[in-house]
Amino acid sequence: MRPPVNQTPGNGAAGDGGAGRGPHAAAPPAASQAAARADTTRPEGADTTRPEGAADTIADQAARIAELEDARLRALADLDNMRKRCTAQIRRAEEEAGTAVARQWLPVIDSLDLALAHATASPATIVDGVEAVREQALGVLARLGFPRRDDRGAKFDPTRHEAIATRPDPGTEADTVTEVVRPGYGEGDHQLRPAQVVVARPG
């Protein structure tokens, strides 16, 4: 009689490829299988930490941002200083211009003081003094760029004239200035004021 063959569960005969594995043999844990697969796919010697160059790049960018912010603040400060300087220069120029104008009127005031001091003189002398002061004042206005105009006989121009009345004048062309009530000073864009005039209308 043949003796029975002793077979261990889960172990097949030699060379049978494990065909004799029993139905109740335990399978390897799933986590162990996943770890094994990860080990086979990860390159050997791979480093999972952040590359050294990345940290240097972030530090460089932070320094560049700080540098640009400093430049922006400096530019704003320079603009504010320039605005203050321009404001001061404009104010100083206006003050100097006002001083120059006032200085030109001083002789006129001096002449009026002399006229008042001689108020008891003859009327003819007073009239002569007033006319001299008037000529001085007109000279000041002319030097400032506002000469007095004589618009009698000129064609009516709404930019130069302010018509306060119209008057029929058969011997004069229509829309012609026949009388100047209040003279104008200056020309074009440099006009101090328009002239108040009476304008001829068709009779």
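Located above this text is the structure these notes cover.
Residues numbered from 1 in each chain as written. Predicted model: local features only at pLDDT ≥ 70, side-chain atom pairs only at ≥ 80, totals over all residues. Heavy atoms only, no water.

A. Structural view of the overall build of the protein chain. What the protein chain contains, in helices and strands, is three helices and five strands. Element order for the protein chain, N to C, with α for helix and β for strand: α-α-α-β-β-β-β-β. Across the 203 residues in the protein chain, those meeting the buried criterion constitute 11%. Carbon and sulfur atoms make up 57% of the accessible area of the protein chain, which totals about 15800 Å². (Helix = DSSP H or I, 4+ residues; strand = E, 2+ residues; numbered from the N terminus. Buried < 20%, exposed > 50% of the residue type's maximum accessible area, 1.4 Å probe, protein only. Areas by Shrake-Rupley, 256 points an atom, 1.4 Å probe, with all protein chains shown as cover.)

B. Region of interest: the environment of T176. Here T176 is to be found in the loop between β1 (161–168) and β2 (177–182). On the basis of relative accessibility, which here comes to 9%, the residue T176 falls in the buried class. Measuring from C-alpha to C-alpha, the distance between T176 and K155 comes to 4.7 Å, with 21 residues separating the pair along the chain. Discounting residues that sit within four places of it in the chain, T176 has contacts with G153, A154, V198, V199 and A200. At a separation of 2.8 Å, a polar atom in the side chain of T176 contacts the main-chain carbonyl oxygen of E173. (Contact = heavy atoms within 4.5 Å. Polar contact = N/O pair within 3.5 Å; in protein donor to acceptor, adjacent residues only side chain to side chain.)

C. Up close: the pattern of salt bridges. Counting across every chain of the model gives 12 salt bridges. Taking the shortest distance from any N to any O, the salt bridge between R83 and D80 comes out at 2.9 Å. Here D80 and R83 lie together in helix α2 (residues 52–117), a separation of three residues that amounts to about one turn. For R83, a relative accessible area of 48% corresponds to the partly exposed category. Look at D80 and you get partly exposed, because its relative accessible area is 28%. We note a salt bridge from R149 to D151, for which the minimum N-O separation is 3.2 Å. Across the pair, D151 and R149 agree in class, each one buried. (Salt bridge = Lys/Arg side-chain N within 4 Å of Asp/Glu carboxyl O.)

D. Region of the structure containing the side chain of Q196. Secondary-structure assignment places Q196 in strand β5 (residues 195–201). Filtering out sequence-adjacent residues up to four positions away, Q196 remains in contact with E162, I164, E179, V180, V181 and R182.

E. Seen up close, the sheet that holds β2. Reading across from one edge, β1-β5-β2 is the order of the three strands in this open sheet, with mixed pairing throughout. Each having just a single partner strand, β1 and β2 make up the two edges of the open sheet. This sheet shows a mean twist of 25 degrees between the axes of neighbouring strands, independent of strand direction. Of the strand pairs in this sheet, β2 and β5 are connected by four bridges, and their pairing is antiparallel. If you follow R182 over to β5, its bridge partner there is Q196. (Pairing = 2+ DSSP bridges. Axes fitted to C-alpha atoms, helices over the stretch in contact; angles between N-to-C directions.)

F. Structural context of the environment of E187. Summarising the element assignment, E187 is placed in strand β3 (residues 185–187). It is 8.6 Å that separates the C-alpha atoms of E187 and G145, two residues lying 42 residues apart in sequence.

G. Layout of helix α3 (residues 123–143). For α3, which comprises 21 residues, the first-to-last C-alpha distance of 30 Å matches the rise-based estimate of 30 Å (1.5 Å per residue) to within 8%. Those residues of α3 not exposed but buried are V133, A137, L138, V140 and L141. One side of α3 holds all its buried residues, which, seen down the axis, span an arc of 155 degrees. A positive backbone phi angle near 95 degrees is found at G145, which sits one or two residues after α3. (Expected span 1.5 Å × (residues − 1). Arc of directions from axis to C-beta.)

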